[in-house]
Amino acid sequence: MGEITFKGNPFVGETVRLRPYEQSDVEHIMEHWNTYNSRRFLGPFTPHSSLQEEDFIKSQSKWANEKKAFGFAITEKHTGEFLGGTGCHEIDWINRSTTVGIAIHNPENHEKGYGSDALRCMLKFCFNILNLNRVELGVYDFNSRAIHVYEKVGFKHIGRKRDDIFFEGSYYDHMLMDILRDEFLEMSQGK
Amino acid sequence: MGEIDYKGSPFIGEKVKLRPLELSDLDRWMQITNNYETKAFASTFLIFSKQQIEEWITSLKEKANKQSNFTFAIETLDNQELIGSISVRFLDWINRHGNLGVIIHDPSKVEKGYGSEAILLLMKFCFGILNLHRLELFVAEYNARAIHVYEKLGFKESARQRQRIYFEGAYYDNFVMDILEDEFREQHEKGASA
């Protein structure tokens, strides 16, 4: 007792670093995120103006102050290059539950492990810093690349909202996945 | 799993119930608040206007919505009389703790177990509903009656803030007392369920 135990900085992964969003990130967001090709995996499918993205970044600070949500920019650990974003929102402090989201914006940065690394950082933040018990996420059933990552990181399938997503004339299911604190702690111990 | 395990309402006891304060409580509140001696024991030495109390009651709505403070009226069950209030405030959701504040304004209602039961109900609310890990309170060193009640309910002295309270020309120490969720369950819920 009385000695602090460090279990690892949740803001620094093996290949990425999480930091708060800044207004200067808007140009990067506009470049790779606001494309139809990227947005089709997360919605809304309608592109945002840079004014909307500025508001998004402003609301991140407000929500962080109110402890309603925490959003972070994902950057390359060594070069600082802006890679995308991750965050937890809809934090329910009584039941200690939240929903996370993650996106690596530029398709050239996909399949490099950035997303898994950032998501593990986010889970460390949720469980080790925010003291939450459960983390949920939703993913469209056509986003098989993401589903693979979530399974690898330790999320389990808990159900699907049928025909929840309308895209280009068809309905798709919205898959729900979650991970509990004990499962995460057990996995991190083995590492 | 799947079956609910009731341990009893945190809002209704045998002598008192806890309920949200309403603006319709204003007149009664003005009758019982501003009692100099009662307030001195609660380390509040100021008196408040009707307008201040009205603003305070109104502000509770926003605090409850923001989950920063839950304040309840303490009402006797036998004659539905408002006798005081109890709060869990300064809620810290990361470390999962809150600070309990309680006052029985009506002097004819002290030492009758009303306050003690109200605190027990609030503890049930904090540990059973809000999912807190630790509940703390502040009490002036001269409030021996309250300290006795808190100790009986399981609170332990965890700090003494020296000369924290100034009253009528003298400084008094302020105690911090606290109780952890496991201690609460051990003392108040063991054998109570099922």
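Computed from a predicted model, the values in this text were never measured in an experiment. (Residues numbered from 1 in each chain as written. Chains lettered and ligands numbered in written order. Predicted model: local features only at pLDDT ≥ 70, side-chain atom pairs only at ≥ 80, totals over all residues. Heavy atoms only, no water.)

Some thoughts on the sheet that holds strand S3 (residues 82–92) of chain A
Residue and element names in this part refer to chain A. Taken in spatial order, the seven strands of this open sheet run S1-S2-S3-S4-S5-S7-S6, and their pairing is mixed. In the strand order of this sheet, the two ends are held by strand S1 (16–20) and strand S6 (156–167), each with one partner. When strand polarity is set aside, the average angle formed by the axes of neighbouring strands in this sheet is 30°. When S3 meets strand S4 (residues 97–104), the two strands line up antiparallel, connected through seven bridges. Counted as the bridge partner of His89 is Thr99 from S4. (Pairing = 2+ DSSP bridges. Helix = DSSP H or I, 4+ residues; strand = E, 2+ residues; numbered from the N terminus. Axes fitted to C-alpha atoms, helices over the stretch in contact; angles between N-to-C directions.)

Some words on the packing of aromatic side chains
Residues and elements named next belong to chain A. Applying the stated criterion across every chain, the model contains 26 aromatic pairs over all chains. Here the aromatic cluster, defined as three or more aromatic residues joined through ring pairs, consists of Tyr36, Phe41, Phe45, Tyr140, Phe142, Phe167 and Tyr172. Here the basic side chain of Arg145 rests over the ring of Phe41, its NZ or CZ set 5.9 Å away from the ring centre. (Phe/Tyr/Trp six-rings, centres within 6.5 Å; stacked < 30°, edge-to-face > 60°. Lys NZ or Arg CZ within 6 Å of the ring centre and 35° of its normal.)

Observations regarding the packing of helix H4 (residues 114–129) of chain B against helix H5 (residues 144–153) of chain B
Residues and elements named next belong to chain B. Axis separation between H4 and H5 bottoms out at 10 Å; the angle between their running directions is 45°. By the angle class used here, H4 and H5 are oblique. The way H4 lies across H5 gives a crossing that is right-handed. Across the interface between the two elements, Ser116, Ile119, Leu120 and Met123 from H4 touch Val149, Tyr150, Lys152 and Leu153 from H5. (Parallel < 35°, antiparallel > 145°, perpendicular 65-115°, else oblique. Left-handed = near helix turned anticlockwise from the far one by under 90°. Contact = heavy atoms within 4.5 Å.)

Description of the pairing of strand S3 (residues 82–92) of chain B
Residues and elements named next belong to chain B. Where burial is concerned, most of S3 is hidden: eight out of the 11 residues are buried. Note that strand S2 (residues 70–76) and S3 share six bridges and pair antiparallel. Residue pairing across strands places Phe70 opposite Val88, the latter belonging to S3. Hairpin remark: S2 followed by S3, antiparallel, with five residues in the connecting loop; positive phi at Gln80, about 50°. Inspection of the sheet shows S3 paired to strand S4 (residues 97–104) by seven bridges, in the antiparallel sense. Residue pairing across strands places Ser87 opposite Gly101, the latter belonging to S4. (Buried < 20%, exposed > 50% of the residue type's maximum accessible area, 1.4 Å probe, protein only.)

Side note on the interface of chain A and chain B
On the side of chain B, seven residues touch chain A, which itself brings seven residues to the contact. Surface buried jointly by chain A and chain B totals about 760 Å² across both partners, of which 61% is contributed by carbon and sulfur atoms. For chain A, the biggest contributors to the area lost against chain B are Trp93(A), Ile94(A) and Arg96(A); these three give 69% of the whole. Along the contact surface separating chain A from chain B lie zero salt bridges. Taken together, chain A and chain B are joined by two residue pairs in polar contact (both at pLDDT 80 or more). A breakdown of the residues in the side of chain A that touches chain B according to their chemical character gives four nonpolar, one polar and two charged. (Buried area = accessible area lost by both parts, 1.4 Å probe. Salt bridge = Lys/Arg side-chain N within 4 Å of Asp/Glu carboxyl O. Polar contact = N/O pair within 3.5 Å; in protein donor to acceptor, adjacent residues only side chain to side chain. Nonpolar A, V, L, I, M, F, W, Y, C, P; charged D, E, K, R; others polar.)

Re helix H4 (residues 114–129) of chain A
Residues and elements named next belong to chain A. Taking 1.5 Å of rise per residue, the 16 residues of H4 would be expected to cover 22 Å, and the 21 Å separating its terminal C-alpha atoms lies within 8% of that figure. Across the 16 residues that make up H4, a large majority, 12, are buried. Of the residues making up H4, those classed as buried are Tyr114, Gly115, Ser116, Asp117, Ala118, Leu119, Cys121, Met122, Leu123, Phe125, Cys126 and Phe127. Downstream of H4 by one or two residues, Asn131 has phi in the positive range, about 65°. (Expected span 1.5 Å × (residues − 1).)

Details of the sheet that holds strand S5 (residues 134–140) of chain B
All names here are of chain B. Across the sheet, seven strands lie side by side as S1-S2-S3-S4-S5-S7-S6; this open sheet has mixed pairing. Edge strands, defined here as strands with exactly one partner in the open sheet, are strand S1 (16–20) and strand S6 (156–167). Neighbouring strand axes in the sheet, compared pairwise and without regard to direction, differ in orientation by 25° on average.

Quick notes on helix H5 (residues 144–153) of chain A
Residues and elements named next belong to chain A. Of the positions making up H5, those classed as buried are Ala146, Ile147, Val149, Tyr150 and Val153. Taken down its axis, H5 places every buried residue within 160° of arc, on the same side. The inward-facing, buried residues of H5 abut S4, H4, strand S5 (134–140), S6, strand S7 (170–180) and helix H6 (181–189). Immediately beyond the C-terminal end of H5, within one or two residues, lies Gly154, with a positive phi of roughly 120°. (Arc of directions from axis to C-beta.)

Things to note about the pairing of S6(B)
Both faces of the sheet carry side chains from a regular strand, because those side chains alternate between them. Residues and elements named next belong to chain B. Relative to strand S7 (residues 170–180), S6 runs antiparallel, the two sharing eight bridges. When the sheet's bridge partners are listed, Arg160 is paired in S7 with Phe175. The antiparallel pairing of S6 with S7 creates a hairpin that spans two residues between the two strands, and Glu168 there sits at a positive phi of about 50°.

Focus: the packing of helix H1 (residues 26–33) of chain A against helix H3 (residues 50–65) of chain A
Residues and elements named next belong to chain A. Where H1 meets H3, the closest approach of the two axes is 10 Å, and the angle between their N-to-C directions is 125°. Viewed along their axes, H1 and H3 adopt a mutual orientation that is oblique. Relative to H3, the crossing made by H1 is right-handed. Contacts from Val26, Ile29, Met30 and Trp33 in H1 reach Ser50, Glu53, Glu54 and Ile57 in H3. Considered class by class, the residues forming the contact of H1 with H3 number five nonpolar, one polar and two charged.

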